[in-house]
Amino acid sequence: MPRIAYVNGRYLPIREASVSIEDRGYQFSDGVYEVCEVRAGAIIDERLHLERLRRSLDELRIPLPLSPRALTVIMREIIRRNRVRDGIVYVQMTRGVARRDHAFPPPGTTPSVVVTARSLDTVGNERRAAQGITVITVPETRWARPDIKSISLLPNVLAKQAARERGAAEAWFVDRDGRITEGASTNAWIITKDREVVTRPADNGILRGITRTVLIQVLKTRSLRFEERTFTVAEAYEADEAFATAASQIVMPVVRIDDRMIGDGTPGPVAKSLREAFHAHAERS
Ligand code: PDD
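Let me sum up the structure you'll find in this document. Since we're looking at a predicted model, the values are computed, not measured. Within every chain, residues take consecutive numbers counted from 1 along the sequence as written. Reporting in this predicted model follows two pLDDT cut-offs: at least 70 for local features of residues, and 80 or more for side-chain atom pairs to be given and counted; totals over whole chains, interfaces and linings ignore these cut-offs and use all residues. The side-chain numbers reported here are obtained from all heavy atoms of the structure, hydrogens and water having been left aside.

**Considerations on the overall build of the protein**
Rules: A run of H or I in DSSP becomes a helix once it reaches four residues, and a run of E becomes a strand once it reaches two; helices and strands are each numbered from the N terminus. We compute the radius of gyration from the C-alpha atoms alone; for a globule the expected value is 2.2 Å times N to the 0.38, where N is the number of residues. Summary of the burial criterion: residues with accessible area below 20% of their type's maximum are buried, those above 50% are exposed, and those between are partly exposed, where the area comes from a 1.4 Å probe applied to protein chains only. Note on contacts: a residue pair is in contact if any heavy atoms of the two residues lie within 4.5 Å. Just so you know, the count uses Lys and Arg for positive and Asp and Glu for negative, and it drops His and the chain ends. Here the site of a charge means atom NZ of a Lys, CZ of an Arg, CG of an Asp or CD of a Glu.
When its secondary structure is counted, the protein shows eight helices and 15 strands. Radius of gyration (C-alpha) of the protein: 19 Å, near the 19 Å computed for a compact globule of 285 residues. Principal axes of the C-alpha set define a box for the protein whose edges measure 55 × 40 × 35 Å. Expressed as a percentage of its 285 residues, the buried residues of the protein come to 52%. Partitioning the contacts of the protein with sequence separation of at least 6, the portion at a separation of at least 24 is 72%. For the protein, the distance from the average position of its 44 positive side-chain charges to the average position of its 37 negative side-chain charges is 5 Å.

What follows is the structure in structure tokens.
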């Protein structure tokens, strides 16, 4: 069965799906994206993802090229046509196709829309979560607005590759003050020695993860202490537990940071129980 992509109004087999070489996404990374989890055929936290998409577009002054309603219909159609039960749906919008010129193209240039979906290896993901992952730390080299979910991901690509080359699954960026910002494609969390759940405040320096937002709601139902504050690499090394969050992996326990074992080197009880509880709090549509 060929995979099907939605590209600017058409559903096409991936091999035939293409955008112009003058697409501003291709030339300037001038665009934004979203990734939603698909679970048992339903989209998880779609409303929050679409709100964030709207915000990213607004920040870059890219007009939404279709109604939110039309977009949700397309997302479902792509999930259906690709027979995705458990996986992700990917939405990308760029400023459109125009002769190369850094400044914005003429008014009326239509933004490009691409939607794809694919299945994820849920068994493999569960196995990984049961073992926990290793992360490495790398210097923060991104621009000052990672809160915009831009398709410009070069530092993230290099960080993830560095992780892979060192046998790790994720890289956590560290700012100039020695504080962890977030992962190459995840938000970063620790549980300190005195049992406080900590994640960095969602200012302009990190992406306000939807999984992060929903998990904060889950934490409010628990008798755990939670604080949004910055934390250092040294604090992370000493943590009882650590984990990463993203739509594609929910709560992923971290058992090693650089060459330091976290806790007893196995997934911590809080991370495990948050992973189990997450979907009871998430919206399905
Ligand atoms: N990544 N931080 C960064 C830099 C991310 O790229 C992501 C998501 C997150 C977590 O956000 P959310 O919980 O909304 O998925 C944090 C997606 C999954 C990706 O790029 O594939």
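What follows continues from the structure just given.
**Points about the site of the ligand**
Stated formally: One heavy atom within 4 Å of a molecule or strand is enough for the residue carrying it to be called near that molecule or strand. Definition of a polar contact: a pair of N or O atoms within 3.5 Å, with one able to donate and the other able to accept a hydrogen when the atoms are protein atoms, and with sequence-neighbouring residues admitted only if both atoms are side-chain atoms. A 1.4 Å probe and the Shrake-Rupley method give the accessible areas. Residues count as covered only by the protein chains that appear here.
In the neighbourhood of the ligand, 21 residues make up the surrounding shell, with Tyr33, Glu182, Ile210, Thr211 and Ala247 lying closest. Contacts to the ligand include tyrosine 33, whose side-chain N or O atom sits 2.6 Å from an oxygen atom. Interatomic distance of 3.4 Å between a side-chain N/O atom of lysine 149 and a nitrogen atom of the ligand. When the ligand is considered free in solution it has 470 Å² of accessible area, and contact with the protein chains removes 89% of it.

**Some thoughts on the sheet that holds strand 4 (residues 42-43)**
The condition is simple: Here a strand pair is declared whenever DSSP counts at least two bridges between the two strands. An axis is simply a line fitted to the C-alpha atoms; with a helix, the fit covers only the stretch in contact. Between two such axes, the angle follows the N-to-C directions and lies from 0 to 180 degrees.
An order of 2-1-6-5-3-4 is seen for the six strands of this open sheet, with the pairing classed as antiparallel. The two strands at the open ends of the sheet, each matched to only one other strand, are strand 2 (10-13) and strand 4. Here strand 3 (residues 31-39) pairs with strand 5 (residues 87-94) via eight bridges, running antiparallel. Note that in strand 5 the partner of tyrosine 33 across the bridge is glutamine 92. Where helix 3 (residues 68-81) meets the sheet, its contacts fall on strand 1 (4-7), strand 2, strand 3, strand 4, strand 5 and strand 6 (112-119), and the angle it forms with strand 6 comes to roughly 35°.

**Observations regarding the packing of helix 6 (residues 210-220) against helix 8 (residues 269-281)**
Cut-off, in case you're wondering: Each angle receives one of four descriptions, namely roughly parallel if under 35 degrees, roughly antiparallel if over 145, roughly perpendicular if within 65 to 115, and oblique otherwise. Three residue categories are used. Nonpolar comprises Ala, Val, Leu, Ile, Met, Phe, Trp, Tyr, Cys and Pro, charged comprises Asp, Glu, Lys and Arg, and polar comprises the others, including Gly.
Between helix 6 and helix 8, whose axes approach to 10 Å, the crossing angle comes to 100°. Judged by the angle between their axes, helix 6 and helix 8 are roughly perpendicular. Along the contact surface, helix 6 presents Thr211, Val214, Leu215, Val218 and Leu219, while helix 8 presents Leu274, Ala277, Phe278 and His281. Partitioning the contact of helix 6 with helix 8 into residue classes produces seven nonpolar, two polar and no charged.

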